[in-house]
2 protein chains.
Amino acid sequence: MSIRSKSHDRDKALARARDLFWKQGFHATSLKDIEAALHMHPGSIYAAFGNKETLFRMALERYAEEVAESRQKILDAAPDALEGLARFVETAHPVTRDDLPQPACFLAKTGMDTGLTQPALRAAISALLDRTEAAFAQTYRQAQAEGALPANADPDNLARRLHATLTGIGVYALRPERREQARLMARDLADEIRALRHLAS
Amino acid sequence: MSIRSKSHDRDKALARARDLFWKQGFHATSLKDIEAALHMHPGSIYAAFGNKETLFRMALERYAEEVAESRQKILDAAPDALEGLARFVETAHPVTRDDLPQPACFLAKTGMDTGLTQPALRAAISALLDRTEAAFAQTYRQAQAEGALPANADPDNLARRLHATLTGIGVYALRPERREQARLMARDLADEIRALRHLAS
DNA sequence: AGCTTTTTTGAGCGATCACTCAAGCGTGAG
DNA sequence: CTCACGCTTGAGTGATCGCTCAAAAAAGCT
């Protein structure tokens, strides 16, 4: 029971750290902010997570893991690969949800301001982004196998385009006054993915 | 002569500040960094530019001005509006050039990590981004007037999509190992703009 | 209960932050 | 040459940064 509740606490703390970093970014978040958000004192934070950068990396990895899980669940539930991708864009992208700290991908958002100062973070982020893109490519390949995409389509290229476009929409949505239009763009993008099917014949 | 050389010095200092902030972002750039880059001592910096945030805003505005100028020049030199847009994407986007501090738009890049901590900066960035998007929309409208786009096309929507996609490509290019692919995406995007013409008939 | 081990605590570390201002310096008028 | 004035200088301001560690509290064991 004690071990369970302890790992549960740690889990909750990590989720809070993820939300805080997601919202404020690495450099703009101080340890005082973290102490307040996690309800922990500095010594405990360092005992549990090492240091600020390690905590940030753990938060990133947790985020990526959750997104990957959610994506897989949506893909599995969809009638086919292409429709799964469209649904992912419609329902899982941060811009389409109101319960997240920010409407842009945590990875993309913080990849921009940590690159030069924290090379270790940059590498971690890059690896996690690659994983997302590889999942997209894999799904496009499956759509190809299902006959929904022409054989001469390039799944890697499609995945790259999708990834970049999703990122752009997320950045766009960071301006609160443009968020609604970003939502519309996400919906359009989902429809464009569905429209790829018609090109198969 | 003294006035001229003085404003020239100021200009050069501002350009250096622009490059430094572009590369490192607001929070990751310290005044020591700025002193070194501008070859100025703290007192002179504060006498000339007020404070760090004001200097940053001036650098942003200067950047936006230069981009707008370059864009206008390209549009004016092109045979028509649609081709002008395509050329802008091909030749002026940071990802297609090697002489810039970063392959992503300065505005988009720093809009992400300054929003919550520096509300005044956020507002300035948002206004400058709006100007870019309005210029895209205006160009699409001109293309429409030239008969290159169907009358029922939505220039505002096209401008929004173009803006978001360019941003996404820029973010993508921030990973050095992906820069070449970002370049290809920019080239593809330019061709897609050109391809819009065929839909007119 | 007493004793050991583990965890939590928060005052405070040196470093660095953005920023200031009295003193030094160069320049031009008289 | 002298002096006054404006710009440059950089040591130094208080605040805050990420982080440490000895002491206190809590938990575990017999």
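For every chain, the first residue of the written sequence is number 1, and numbering continues from 1 onward in sequence order. The naming scheme follows written order: chains are lettered A onward, ligands numbered 1 onward. Restriction of local features to residues with pLDDT of at least 70 applies here, the model being predicted, together with a cutoff of 80 or more for giving and counting side-chain atom pairs; totals for whole chains, interfaces and linings are based on all residues.

**So, the relation of the copies chain B and chain A**
As a reminder, the rule being used: Superposing copies: least-squares fit, C-alpha atoms only, residues required to have pLDDT of at least 70 in both. Residues are defined as contacting one another if the C-beta atoms placed from their backbone atoms lie within 7 Å.
Expressed as a screw transformation, the operator carrying chain B onto chain A has a rotation angle of 180 degrees and an axial translation of 0.0 Å, and the superposed copies differ by an RMSD of 0.1 Å. Interpreted geometrically, this transformation is the action of a two-fold axis. Looking at the rotation axis and the C-alpha trace of chain B, the residue lying nearest is G168 of chain B, at 1.8 Å. By residue overlap, the copies meet face to face through one surface: 100% of the interface positions of chain B are interface positions in chain A.

**Some details on the UniProt feature "DNA-binding region" (unreviewed entry) in chain A**
Rules: UniProt positions are given in the numbering used here, feature names are shortened, and annotations may be inferred rather than shown by experiment. Elements are defined by DSSP. Helices are runs of H or I of four residues or more, strands are runs of E of two residues or more, and each kind is numbered from the N terminus.
UniProt records the feature "DNA-binding region" (unreviewed entry) for residues 30-49 of chain A in the present numbering. The annotated region residues 30-49 of chain A carries 80% helix and 0% strand content, and the separation between its end C-alpha atoms amounts to 15 Å.

**Digging into the interface of chain B and chain A**
To be explicit about the condition: Just so you know the grouping, Ala, Val, Leu, Ile, Met, Phe, Trp, Tyr, Cys and Pro go in nonpolar, Asp, Glu, Lys and Arg go in charged, and all remaining residues, Gly too, go in polar.
Facing 27 residues of chain B, the contacting portion of chain A comprises 27 residues. Those elements giving two or more residues to the side of chain B that touches chain A turn out to be α1 (2-24), α6 (106-114), α8 (155-173) and α9 (179-195) of chain B. Ranked by residues supplied to the side of chain B that touches chain A, first place goes to α8 of chain B with nine residues. When the residues that make up the side of chain B that touches chain A are grouped by side-chain class, the tally is ten nonpolar, eleven polar and six charged.

**What to know about the environment of T165 of chain A**
As a reminder, the rule being used: Any residue with 12 or fewer other C-beta atoms within 10 Å of its own C-beta is exposed, any with 20 or more is buried, and the rest are partly exposed; the C-beta atoms used are placed from the backbone.
Turning to its location among the elements, T165 of chain A is positioned in helix α8 (residues 155-173). With 23 C-beta atoms packed within 10 Å, T165 of chain A lands in the buried category. With sequence-adjacent residues up to four places away left out, T165 of chain A is seen in contact with L189 of chain A together with T165 and G168 of chain B.

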